[in-house]
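# A structural walkthrough
Chain residues, written in single-letter form:
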Amino acid sequence: MAREITRRLYPLHAEAAALAAQLTTQQQAETSARAAVAEAVAGALPGARIEEQYRRTRIIWQHDARPSGQQGPVQVDSVYVIVGASGESVTVETSGRPDRVIPMLAAFVQPTQE
């Protein structure tokens, strides 16, 4: 009886264990790729805050846009970035004064120099 149970269940167990190992390897690769992208984004935004979420990373950067010593309402430039699970995509949202945001957006259309 024990042999019959082993004969029937062992192949299923081995298949499940192999699939679990494959998924673990894939998740580790995604985590590594996502971390590399997050570090690159955060490096371009000094003082950015990085928050890990399940299978994605959020980067938040805020800067008081008022000249020092100026009175009045707070004007904050901000960039909010979500790095996707595999590190192959990012979503960027930015807000602030037009004279500061427009150059940031214009930088996206500049050809990269390699």
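In case you missed it, the structure is sitting above this.
An account of the accompanying structure is given in this report.

What counts, and where the lines are drawn
- Residues numbered from 1 in each chain as written.
- Predicted model: local features only at pLDDT ≥ 70, side-chain atom pairs only at ≥ 80, totals over all residues.
- Heavy atoms only, no water.
- Helix = DSSP H or I, 4+ residues; strand = E, 2+ residues; numbered from the N terminus.
- Rg over C-alpha atoms; globule rule 2.2 N^0.38 Å.
- Buried < 20%, exposed > 50% of the residue type's maximum accessible area, 1.4 Å probe, protein only.
- Contact = heavy atoms within 4.5 Å.
- Core = buried A, V, L, I, M, F, W, Y, C linked by side-chain atoms within 4.5 Å.
- Pairing = 2+ DSSP bridges.
- Axes fitted to C-alpha atoms, helices over the stretch in contact; angles between N-to-C directions.
- 1 Å grid on protein atoms, 1.4 Å probe; cavity = no way out; pocket = protein on both sides within 12 Å on 5 of 7 lines; lining within 4 Å.
- Points joined across faces, edges and corners; volume = space filled by probe spheres on them.
- Nonpolar A, V, L, I, M, F, W, Y, C, P; charged D, E, K, R; others polar.

### Examining the overall build of the protein
Tallying secondary structure elements over the protein gives two helices and four strands in all. Its helices and strands taken in sequence order, the protein reads α-β-β-β-β-α from the N to the C terminus. Whereas a compact globule of 114 residues would reach a radius of gyration of roughly 13 Å, the protein reaches 23 Å, over 25% beyond that. Counting only C-alpha atoms, the protein reaches 85 × 35 × 15 Å along its principal axes. Expressed as a percentage of its 114 residues, the buried residues of the protein come to 18%. Sequence separation of 24 or more characterises 28% of the internal contacts of the protein that already satisfy a separation of 6 or more.

### Side note on the nonpolar core
One finds Ala38, Val41, Leu45, Ile59, Trp61, Val79, Val81 and Val83 forming the largest nonpolar core, which totals eight residues. Of all the secondary structure elements, the ones that give two or more residues to this core are α1 (2–44), β2 (56–64) and β3 (76–83). Counting residues per element, this core draws most heavily on β3, at three residues. Ignoring anything within four residues of it in the chain, the contact list for valine 83 reads Arg34, Val37, Ala38, Arg56, Thr57, Ile59, Ser89 and Val90.

### Details of the sheet that holds strand β4 (residues 90–95)
Pairing in this open sheet of four strands is antiparallel, and the strands run β1-β2-β3-β4 from one edge to the other. Among the strands making up the open sheet, the edge pair consists of β1 (49–53) and β4. Strand-to-strand twist of the sheet, defined as the mean angle between neighbouring strand axes without regard to direction, takes the value 15°. Here eight bridges tie β2 to β3, and the two strands are oriented antiparallel to one another. By the bridge assignment for β3, isoleucine 59 is matched with valine 81. Sitting on the sheet, α1 touches β1, β2, β3 and β4, and the angle it makes with β2 is about 5°. Against the sheet, helix α2 (residues 98–108) contacts β2, β3 and β4, and its axis sits at roughly 155° relative to β4.

### Quick look at the pairing of β1
In this sheet, β2 lies alongside β1 in antiparallel orientation, the contact comprising five bridges. In the sheet register, glutamate 52 faces β2, and the bridge partner there is threonine 57. Count of turn residues in the β1/β2 antiparallel hairpin: two residues, of which arginine 55 carries a positive phi of about 60°.

### Re the layout of surface pockets
What the largest pocket holds in volume is close to 270 Å³. Along its surface, the largest pocket is lined by Ala40, Val41, Ala44, Leu45, Val79, Val81, Val92, Thr94, Met104, Leu105, Ala107 and Phe108. Of all the secondary-structure elements, those providing two or more residues to the lining of the largest pocket are α1, β3, β4 and α2. For the lining of the largest pocket, the element with the most residues is α2, which contributes four residues. In the lining of the largest pocket, the residues fall into 11 nonpolar, one polar and no charged.

Read these as geometric descriptors, not functional statements.
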